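Reading the structure
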Amino acid sequence: MKKWRNTIAFIALIIFIILQFIPYDKQMNRPVKGQDLFETATIPEDIGQLIKSACYDCHSQFVRFPWYANIAPVSWLVAKDIREGRESLDFSVWNTLPKREQLKLLDEIAEEVIEGTMPIDIYKVMHLEARLTDEQRDSIVSWADSFAEDLLE
Amino acid sequence: MKNHLNRLFVLLPVVAVFVIVLSSFDTNSITRSGPGNQEDTFVIPDDIQGIFDKSCFGCHNVDSKSDKARKKLLLDQLHDLSKAKLVAALGDIKDIVGEGKMPPDKFLENYPDKALTPEEADKLKAWAEKTADELVN
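Sequence order sets the numbering: in each chain, residues are counted from 1 along the sequence as written. Labels follow written order: the first chain is A, the first ligand is 1, and so on. The predicted origin of the model limits local features to residues at a pLDDT of at least 70 and limits the giving and counting of side-chain atom pairs to 80 or more, whereas totals for whole chains, interfaces and linings rest on all residues. Only hydrogens and water are removed before side-chain values are computed, so all heavy atoms of the structure are retained for them.

So, about the layout of surface pockets. The calculated volume of the largest pocket comes to roughly 960 Å³. In terms of lining residues, the largest pocket is bounded by 31 residues, among which B:H60, B:K72, B:I96, B:K101 and B:M102 are the most central. When residues in the lining of the largest pocket are grouped by element, the largest group, six residues, is from helix α5 (residues 99-115) of chain A. For the lining of the largest pocket, the residue count by class is 14 nonpolar, five polar and twelve charged. The pocket and cavity definitions rest on a 1 Å grid over protein atoms only: a 1.4 Å probe that fits but cannot leave marks a cavity, an open set with protein on both sides within 12 Å along at least five of seven lines marks a pocket, and residues lining either have an atom within 4 Å of a point. Lining of the second largest pocket is provided by 28 residues; of these, A:H59, A:S88, A:L89, A:E112 and A:M118 occupy positions nearest its centre. Counting residues per element, the lining of the second largest pocket draws most heavily on α5(A), which supplies seven residues. Grouping the amino acids of the lining of the second largest pocket by side-chain chemistry returns 17 nonpolar, three polar and eight charged. Grid points are joined across faces, edges and corners, and a volume is the space filled by probe spheres set on the points. Only runs of H or I of at least four residues qualify as helices and only runs of E of at least two qualify as strands under DSSP, and these elements are numbered from the N terminus. Basically, the charged four are Asp, Glu, Lys and Arg, the nonpolar ten are Ala, Val, Leu, Ile, Met, Phe, Trp, Tyr, Cys and Pro, and anything else, Gly included, counts as polar.

Quick look at the environment of A:A9 now. Relative to the helices and strands, A:A9 resides in helix α1 (residues 2-19). Along the sequence, A:A9 and A:Q35 sit 26 residues apart, while their C-alpha atoms lie 49 Å from each other.

With that settled, consider the interface of chain A and chain B. Bring the parts together and some accessible area is lost; that lost area is often taken as the interface size. Contact with chain A, which involves twelve residues of that partner, is made by 17 residues of chain B. Between chain A and chain B lies a buried interface of about 1200 Å² when both sides are counted; carbon and sulfur atoms form 51% of it. We define buried area as the total accessible area lost by two parts upon association, computed with a 1.4 Å probe and summed across both. Looking only at chain A, the three residues that lose the most surface to chain B are A:R100, A:K104 and A:L152, adding up to 49% of its buried area. By salt bridge we mean one thing: a side-chain nitrogen of Lys or Arg within 4 Å of a carboxyl oxygen of Asp or Glu. Applying the counting criterion to the chain A and chain B interface returns seven salt bridges. We note a salt bridge from B:K85 to A:D107, for which the minimum N-O separation is 2.8 Å. Here a polar contact is recorded for every N or O atom pair within 3.5 Å, except that within protein the pair must consist of a potential hydrogen donor and a potential acceptor, and residues adjacent in sequence are included only if both atoms are side-chain atoms. At the junction of chain A and chain B, the tally comes to eight residue pairs in polar contact (both at pLDDT 80 or more). The contact rule is simple, with two residues in contact once any of their heavy atoms fall within 4.5 Å.

Residue and element names in this part refer to chain B. What pLDDT expresses is the predictor's confidence in each residue, scored from 0 to 100. A residue-level look at chain B finds 70% of positions with pLDDT of 70 or above and a mean pLDDT of 77. Counting contacts from residues 19-35, a segment whose pLDDT is below 50, to residues more than four positions away or on other chains yields three contacts. In the predicted complex, the global pTM is 0.75; the interface-specific ipTM is 0.72.

All names here are of chain A. Residues F10, I11, I14, I15, I18, I22, Y24 and W76 make up a contiguous nonpolar surface patch of about 720 Å² in total accessible area. Broken down by element, the nonpolar patch gets its largest block of residues, five residues, from α1. Residue placement: W76 occurs in helix α4 (residues 74-88). Only protein chains enter the calculation, and the probe is 1.4 Å; a residue is then buried if its accessible area is under 20% of its type maximum, exposed if over 50%, and partly exposed in between. Residue W76 is classed as partly exposed on the basis of its relative accessible area of 31%. Candidate patch residues must exceed 30% relative accessible area and have no salt bridge, after which like charges are joined if within 9 Å and Val, Leu, Ile, Met, Phe, Trp or Tyr side chains if within 5 Å. Per-residue accessibility takes into account occlusion by the displayed protein chains alone, with areas from the Shrake-Rupley method and a 1.4 Å probe.

The following block contains the structure:
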(Lines give C-alpha, C1' and ligand atoms only; values in the text may rest on other atoms or scores of the structure.)
Protein backbone atom coordinates (compact mmCIF):
# COMPACT_ATOMS: atom_id res chain seq x y z
CA MET A 1 0.00 0.00 0.00
CA LYS A 2 2.80 2.35 0.98
CA LYS A 3 4.68 1.39 -2.17
CA TRP A 4 1.65 2.40 -4.28
CA ARG A 5 1.34 5.69 -2.46
CA ASN A 6 4.99 6.48 -3.12
CA THR A 7 4.63 5.53 -6.78
CA ILE A 8 1.61 7.82 -7.23
CA ALA A 9 3.38 10.70 -5.46
CA PHE A 10 6.43 10.18 -7.67
CA ILE A 11 4.36 10.18 -10.87
CA ALA A 12 2.53 13.33 -9.71
CA LEU A 13 5.85 15.01 -9.04
CA ILE A 14 7.15 14.07 -12.51
CA ILE A 15 3.95 15.42 -14.12
CA PHE A 16 4.23 18.63 -12.08
CA ILE A 17 7.86 19.09 -13.21
CA ILE A 18 6.94 18.41 -16.86
CA LEU A 19 4.14 21.03 -16.62
CA GLN A 20 6.72 23.67 -15.79
CA PHE A 21 8.37 23.21 -19.19
CA ILE A 22 5.22 23.50 -21.29
CA PRO A 23 5.39 26.85 -23.11
CA TYR A 24 2.52 29.27 -22.62
CA ASP A 25 1.61 32.80 -23.61
CA LYS A 26 3.15 34.61 -20.65
CA GLN A 27 1.88 38.17 -20.34
CA MET A 28 4.59 40.77 -19.80
CA ASN A 29 4.27 44.38 -18.67
CA ARG A 30 4.96 46.76 -21.53
CA PRO A 31 3.87 50.20 -20.38
CA VAL A 32 4.28 53.12 -22.77
CA LYS A 33 4.97 56.50 -21.19
CA GLY A 34 2.07 58.94 -21.35
CA GLN A 35 -0.61 56.36 -22.19
CA ASP A 36 -1.77 55.23 -18.75
CA LEU A 37 -4.96 56.57 -17.17
CA PHE A 38 -3.11 57.92 -14.17
CA GLU A 39 -0.61 59.84 -16.29
CA THR A 40 -3.07 62.42 -17.59
CA ALA A 41 -6.33 62.15 -15.69
CA THR A 42 -6.67 63.38 -12.13
CA ILE A 43 -8.15 60.49 -10.20
CA PRO A 44 -9.21 61.00 -6.56
CA GLU A 45 -6.72 59.25 -4.29
CA ASP A 46 -9.17 56.79 -2.71
CA ILE A 47 -10.58 55.78 -6.10
CA GLY A 48 -7.08 55.50 -7.53
CA GLN A 49 -6.08 53.08 -4.79
CA LEU A 50 -9.19 50.98 -5.35
CA ILE A 51 -8.63 50.81 -9.10
CA LYS A 52 -4.97 49.91 -8.72
CA SER A 53 -5.55 47.21 -6.13
CA ALA A 54 -8.75 45.71 -7.59
CA CYS A 55 -8.33 46.16 -11.36
CA TYR A 56 -4.74 46.83 -12.41
CA ASP A 57 -3.50 43.24 -12.04
CA CYS A 58 -5.52 42.22 -15.11
CA HIS A 59 -6.39 45.51 -16.78
CA SER A 60 -3.05 47.29 -17.16
CA GLN A 61 0.61 47.01 -18.03
CA PHE A 62 1.51 47.31 -14.34
CA VAL A 63 0.59 43.79 -13.25
CA ARG A 64 2.03 42.64 -9.91
CA PHE A 65 2.98 39.00 -10.39
CA PRO A 66 2.90 37.00 -7.14
CA TRP A 67 5.38 34.12 -6.74
CA TYR A 68 2.79 31.47 -7.63
CA ALA A 69 2.04 33.21 -10.93
CA ASN A 70 5.15 31.54 -12.35
CA ILE A 71 4.19 28.01 -11.39
CA ALA A 72 2.12 25.90 -13.80
CA PRO A 73 -0.80 25.36 -13.97
CA VAL A 74 -1.57 28.56 -12.03
CA SER A 75 0.67 30.51 -14.42
CA TRP A 76 -1.55 29.47 -17.35
CA LEU A 77 -4.67 30.71 -15.58
CA VAL A 78 -3.02 34.01 -14.61
CA ALA A 79 -1.82 34.53 -18.19
CA LYS A 80 -5.30 33.82 -19.56
CA ASP A 81 -6.97 36.24 -17.13
CA ILE A 82 -4.49 39.02 -17.91
CA ARG A 83 -4.76 38.50 -21.67
CA GLU A 84 -8.55 38.58 -21.60
CA GLY A 85 -8.56 41.46 -19.12
CA ARG A 86 -6.32 43.60 -21.30
CA GLU A 87 -8.33 42.75 -24.42
CA SER A 88 -11.49 44.20 -22.89
CA LEU A 89 -9.88 47.06 -20.95
CA ASP A 90 -6.25 48.13 -20.63
CA PHE A 91 -5.92 51.21 -18.45
CA SER A 92 -2.33 51.57 -19.64
CA VAL A 93 -3.41 52.52 -23.16
CA TRP A 94 -6.25 54.73 -21.95
CA ASN A 95 -4.93 57.91 -23.52
CA THR A 96 -4.72 56.30 -26.97
CA LEU A 97 -8.42 55.43 -27.01
CA PRO A 98 -11.01 57.59 -28.78
CA LYS A 99 -13.28 59.44 -26.38
CA ARG A 100 -16.32 57.40 -27.41
CA GLU A 101 -14.43 54.22 -26.48
CA GLN A 102 -13.45 55.71 -23.12
CA LEU A 103 -17.10 56.54 -22.42
CA LYS A 104 -18.17 53.02 -23.33
CA LEU A 105 -15.54 51.53 -21.04
CA LEU A 106 -16.52 53.80 -18.14
CA ASP A 107 -20.12 52.67 -18.59
CA GLU A 108 -19.01 49.03 -18.56
CA ILE A 109 -16.87 49.60 -15.46
CA ALA A 110 -19.88 51.04 -13.64
CA GLU A 111 -22.11 48.19 -14.78
CA GLU A 112 -19.72 45.35 -13.93
CA VAL A 113 -18.66 46.78 -10.60
CA ILE A 114 -22.21 47.40 -9.42
CA GLU A 115 -23.31 43.94 -10.56
CA GLY A 116 -20.35 42.40 -8.75
CA THR A 117 -19.01 40.57 -11.81
CA MET A 118 -15.74 42.48 -11.36
CA PRO A 119 -13.28 41.81 -9.84
CA ILE A 120 -13.63 38.13 -10.76
CA ASP A 121 -14.16 35.65 -7.92
CA ILE A 122 -10.94 33.69 -8.41
CA TYR A 123 -8.87 36.88 -8.11
CA LYS A 124 -10.60 37.77 -4.85
CA VAL A 125 -9.60 34.40 -3.35
CA MET A 126 -5.95 35.46 -3.23
CA HIS A 127 -6.38 39.25 -3.03
CA LEU A 128 -8.29 40.41 0.01
CA GLU A 129 -7.99 44.05 -1.03
CA ALA A 130 -10.03 43.28 -4.15
CA ARG A 131 -13.06 42.23 -2.08
CA LEU A 132 -14.89 45.51 -2.46
CA THR A 133 -17.50 46.66 0.02
CA ASP A 134 -20.82 48.01 -1.23
CA GLU A 135 -19.61 51.49 -0.33
CA GLN A 136 -16.43 51.04 -2.37
CA ARG A 137 -18.46 49.75 -5.32
CA ASP A 138 -20.75 52.75 -5.12
CA SER A 139 -17.80 55.13 -5.02
CA ILE A 140 -16.24 53.54 -8.13
CA VAL A 141 -19.56 53.77 -9.99
CA SER A 142 -20.02 57.42 -8.99
CA TRP A 143 -16.50 58.20 -10.10
CA ALA A 144 -16.96 56.40 -13.46
CA ASP A 145 -20.17 58.31 -14.14
CA SER A 146 -18.79 61.72 -13.17
CA PHE A 147 -15.51 61.11 -15.01
CA ALA A 148 -17.54 60.28 -18.13
CA GLU A 149 -19.43 63.56 -17.81
CA ASP A 150 -16.13 65.42 -17.31
CA LEU A 151 -14.77 63.93 -20.55
CA LEU A 152 -17.55 65.65 -22.48
CA GLU A 153 -16.85 69.12 -21.08
CA MET B 1 -70.04 80.81 14.41
CA LYS B 2 -68.11 84.05 13.94
CA ASN B 3 -64.87 82.20 14.73
CA HIS B 4 -65.64 79.67 12.04
CA LEU B 5 -66.24 82.38 9.49
CA ASN B 6 -62.98 84.11 10.40
CA ARG B 7 -61.07 80.88 9.94
CA LEU B 8 -62.74 80.33 6.58
CA PHE B 9 -61.71 83.81 5.39
CA VAL B 10 -58.10 83.07 6.33
CA LEU B 11 -58.05 79.59 4.85
CA LEU B 12 -59.71 80.38 1.53
CA PRO B 13 -56.89 82.56 0.12
CA VAL B 14 -54.29 80.05 1.31
CA VAL B 15 -56.07 77.20 -0.44
CA ALA B 16 -56.53 79.31 -3.55
CA VAL B 17 -52.83 80.15 -3.73
CA PHE B 18 -51.94 76.49 -3.18
CA VAL B 19 -54.24 75.38 -6.04
CA ILE B 20 -52.85 78.06 -8.38
CA VAL B 21 -49.24 77.04 -7.65
CA LEU B 22 -49.99 73.35 -8.19
CA SER B 23 -51.83 73.92 -11.46
CA SER B 24 -48.96 76.03 -12.80
CA PHE B 25 -46.63 73.00 -12.72
CA ASP B 26 -46.26 71.26 -16.07
CA THR B 27 -45.21 67.76 -15.03
CA ASN B 28 -44.37 66.88 -18.61
CA SER B 29 -41.77 69.61 -18.83
CA ILE B 30 -40.18 68.42 -15.58
CA THR B 31 -39.61 64.92 -16.88
CA ARG B 32 -38.30 66.07 -20.23
CA SER B 33 -36.00 68.86 -19.29
CA GLY B 34 -33.42 66.92 -17.28
CA PRO B 35 -29.72 66.99 -18.12
CA GLY B 36 -30.04 63.59 -19.81
CA ASN B 37 -32.49 64.65 -22.46
CA GLN B 38 -31.08 64.47 -26.01
CA GLU B 39 -34.37 65.15 -27.78
CA ASP B 40 -33.08 68.14 -29.71
CA THR B 41 -29.74 66.75 -30.80
CA PHE B 42 -30.22 63.03 -31.31
CA VAL B 43 -32.25 61.86 -34.28
CA ILE B 44 -32.41 58.31 -35.56
CA PRO B 45 -32.60 58.28 -39.38
CA ASP B 46 -35.51 56.38 -40.92
CA ASP B 47 -33.35 53.65 -42.46
CA ILE B 48 -31.69 52.93 -39.10
CA GLN B 49 -35.03 53.05 -37.31
CA GLY B 50 -36.29 50.50 -39.83
CA ILE B 51 -33.44 48.15 -38.95
CA PHE B 52 -34.07 48.62 -35.22
CA ASP B 53 -37.77 47.95 -35.69
CA LYS B 54 -37.12 44.77 -37.65
CA SER B 55 -34.33 43.19 -35.61
CA CYS B 56 -33.94 44.85 -32.22
CA PHE B 57 -36.99 46.67 -30.91
CA GLY B 58 -38.96 43.49 -30.13
CA CYS B 59 -36.72 42.84 -27.11
CA HIS B 60 -35.10 46.21 -26.41
CA ASN B 61 -38.10 48.26 -25.34
CA VAL B 62 -39.57 49.21 -21.97
CA ASP B 63 -42.40 46.68 -22.25
CA SER B 64 -40.15 43.78 -23.27
CA LYS B 65 -40.54 40.50 -21.39
CA SER B 66 -36.78 40.00 -21.41
CA ASP B 67 -35.26 41.55 -18.27
CA LYS B 68 -31.78 41.08 -19.68
CA ALA B 69 -32.58 42.87 -22.94
CA ARG B 70 -34.34 45.70 -21.10
CA LYS B 71 -31.43 46.13 -18.74
CA LYS B 72 -28.89 46.24 -21.54
CA LEU B 73 -30.55 48.63 -23.94
CA LEU B 74 -33.86 50.46 -24.32
CA LEU B 75 -34.16 51.75 -27.85
CA ASP B 76 -37.29 53.74 -27.02
CA GLN B 77 -35.49 55.53 -24.19
CA LEU B 78 -32.26 56.55 -25.93
CA HIS B 79 -33.37 60.19 -25.92
CA ASP B 80 -33.54 60.21 -22.14
CA LEU B 81 -29.95 59.10 -21.63
CA SER B 82 -27.23 61.54 -20.69
CA LYS B 83 -24.84 62.28 -23.52
CA ALA B 84 -22.14 60.10 -21.92
CA LYS B 85 -24.51 57.14 -21.52
CA LEU B 86 -25.85 57.60 -25.06
CA VAL B 87 -22.31 57.49 -26.48
CA ALA B 88 -21.68 54.34 -24.42
CA ALA B 89 -24.89 52.74 -25.71
CA LEU B 90 -23.93 53.54 -29.31
CA GLY B 91 -20.52 51.99 -28.68
CA ASP B 92 -22.20 48.85 -27.38
CA ILE B 93 -24.44 48.68 -30.44
CA LYS B 94 -21.45 49.01 -32.75
CA ASP B 95 -19.40 46.34 -30.95
CA ILE B 96 -22.17 43.81 -30.41
CA VAL B 97 -23.46 44.08 -33.96
CA GLY B 98 -19.86 43.88 -35.21
CA GLU B 99 -19.33 40.67 -33.26
CA GLY B 100 -22.50 39.19 -34.75
CA LYS B 101 -23.98 38.60 -31.30
CA MET B 102 -27.32 40.27 -32.00
CA PRO B 103 -30.00 39.21 -32.50
CA PRO B 104 -29.09 36.09 -30.45
CA ASP B 105 -28.95 32.74 -32.27
CA LYS B 106 -31.61 31.27 -30.00
CA PHE B 107 -34.02 34.04 -30.96
CA LEU B 108 -33.21 33.63 -34.65
CA GLU B 109 -34.10 29.92 -34.50
CA ASN B 110 -37.73 30.98 -34.06
CA TYR B 111 -37.55 34.23 -36.02
CA PRO B 112 -35.01 33.77 -38.81
CA ASP B 113 -36.49 36.72 -40.73
CA LYS B 114 -35.31 39.08 -37.93
CA ALA B 115 -31.63 38.43 -38.67
CA LEU B 116 -29.51 41.38 -39.72
CA THR B 117 -28.23 41.17 -43.26
CA PRO B 118 -24.50 41.99 -43.66
CA GLU B 119 -25.50 45.30 -45.29
CA GLU B 120 -27.80 46.19 -42.39
CA ALA B 121 -25.11 45.29 -39.84
CA ASP B 122 -22.56 47.46 -41.66
CA LYS B 123 -25.02 50.34 -41.87
CA LEU B 124 -25.86 50.08 -38.17
CA LYS B 125 -22.18 49.96 -37.13
CA ALA B 126 -21.25 52.92 -39.31
CA TRP B 127 -24.18 54.97 -38.00
CA ALA B 128 -23.46 54.13 -34.35
CA GLU B 129 -19.78 55.04 -34.70
CA LYS B 130 -20.42 58.24 -36.64
CA THR B 131 -23.15 59.41 -34.27
CA ALA B 132 -21.03 58.69 -31.18
CA ASP B 133 -18.14 60.65 -32.69
CA GLU B 134 -20.44 63.57 -33.50
CA LEU B 135 -21.76 63.59 -29.94
CA VAL B 136 -18.31 63.71 -28.34
CA ASN B 137 -16.83 66.29 -30.70
